[in-house]
Amino acid sequence: MNTPGIEFGRKTSAAYAALCKPLCQKLHLPQTAFDILMFLANNPGYQTASDVVEVRKLKANLVSVNVDRLVQEGYLVREADPGDRRTLLRCTEKACPIIEQGRALQEEFGARLLEHTNEAQRKAFFETMDIINENLDAILEGEA
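Residues numbered from 1 in each chain as written. Predicted model: local features only at pLDDT ≥ 70, side-chain atom pairs only at ≥ 80, totals over all residues. Heavy atoms only, no water.

Scanning the protein chain from terminus to terminus reveals 6 helices and 2 strands. When the helices and strands of the protein chain are placed in sequence order, the string is α-α-α-α-β-β-α-α. Reported as C-alpha extents along the three principal axes, the dimensions of the protein chain are approximately 50 × 40 × 25 Å. Sorting the 144 residues of the protein chain into buried and exposed places 26% on the buried side. Contacts in the protein chain between residues at least 24 apart in sequence constitute 50% of all its contacts with a sequence separation of at least 6. When the accessible surface of the protein chain is split by element, carbon and sulfur atoms take 56% of a total near 10200 Å². When the 17 basic and 21 acidic side-chain charges of the protein chain are each reduced to a single mean position, those positions are 8 Å apart. (Helix = DSSP H or I, 4+ residues; strand = E, 2+ residues; numbered from the N terminus. Buried < 20%, exposed > 50% of the residue type's maximum accessible area, 1.4 Å probe, protein only. Contact = heavy atoms within 4.5 Å. Areas by Shrake-Rupley, 256 points an atom, 1.4 Å probe, with all protein chains shown as cover. Lys, Arg positive; Asp, Glu negative; His and termini not counted. Charge placed at Lys NZ, Arg CZ, Asp CG, Glu CD.)

Put into structure tokens, the structure is as follows:
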């Protein structure tokens, strides 16, 4: 059985960062700040710095520094969660152009990953990913 080697994840991450670099430079944002903003914008179910740390596997101090920066620059606001002690993070109107550019970049990245594949290969790939995702859920539920 052929499986992606250990390099696959690293290369995917490095290629994404390389594609993001010119946009981050243009926006005067560190990659981590950009990643946090895009994560919050693309995943409305996750709204806290702890979510970013846990799901994105970023170091807490790095998230804290970059969230502070995004708040200071007006891209995020902190809001108290009325039913909890947690502080929620919300993207502001000022962040919308960055999010729009970031989503376009993410779409380009996805398209470039699938270059030189035909419709049948893409369909099989996404069907396989759905099955793998279900298998992962089953494994994780078995460990709970």
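There is more to say after this.
The subject of this paragraph is a nonpolar patch on the surface. On the surface, a nonpolar cluster with roughly 560 Å² of combined accessible area is contributed by Phe125, Phe126, Met129, Ile132, Leu136 and Ile139. Summarising the element assignment, leucine 136 is placed in helix 6 (residues 119-143). (Patch = residues over 30% accessible without salt bridge, like charges linked within 9 Å, V, L, I, M, F, W, Y side chains within 5 Å. Salt bridge = Lys/Arg side-chain N within 4 Å of Asp/Glu carboxyl O.)

It is worth spelling out the environment of isoleucine 98 at this point. With respect to the helices and strands, the residue isoleucine 98 is situated in helix 5 (residues 96-113). Its relative accessible area of 4% is what places isoleucine 98 among the buried residues. Here the alpha-carbon distance between isoleucine 98 and leucine 37, two residues 61 residues apart in the chain, equals 8.6 Å. Residues contacting isoleucine 98, with those up to four places away along its chain left out, are Leu27, Leu29, Phe34, Leu37, Met38 and Tyr75.

What follows is about the pattern of salt bridges. Close approach of charged atoms allows side chains with opposite charge to pair. Evaluation of the coordinates by the stated rule reveals 7 salt bridges. With a closest N to O distance of 3.0 Å, glutamate 73 and arginine 69 form a salt bridge. Residue classification places arginine 69 among the partly exposed positions, given a relative accessible area of 28%. Measuring nitrogen to oxygen at the nearest pair gives 3.9 Å for the salt bridge that ties glutamate 108 to arginine 112. Of this pair, glutamate 108 and arginine 112 both sit in helix 5, 4 residues apart, roughly one helical turn. Among the residues examined, glutamate 108 registers a relative accessible area of 39% and is labelled partly exposed.

Let us now look at the layout of surface pockets. Empty space within the largest pocket amounts to approximately 870 Å³. Lining the largest pocket are 17 residues; nearest its centre among them are Phe8, Thr12, Leu113, Phe125 and Met129. Of the residues contributing to the lining of the largest pocket, the split by class is 11 nonpolar, 4 polar and 2 charged. Each pocket or cavity is described by its volume, and for the second largest pocket that value is around 210 Å³. Taken together, Tyr16, Asp35, Met38, Phe39, Asn42, Asn43, Val55, Arg56 and Gln106 make up the lining of the second largest pocket. Elements with a minimum of two residues in the lining of the second largest pocket: helix 2 (31-42) and helix 3 (49-56). Tallying contributions element by element places helix 2 first for the lining of the second largest pocket, with 4 residues. By residue class, the composition of the lining of the second largest pocket is 4 nonpolar, 3 polar and 2 charged. (1 Å grid on protein atoms, 1.4 Å probe; cavity = no way out; pocket = protein on both sides within 12 Å on 5 of 7 lines; lining within 4 Å. Points joined across faces, edges and corners; volume = space filled by probe spheres on them. Nonpolar A, V, L, I, M, F, W, Y, C, P; charged D, E, K, R; others polar.)

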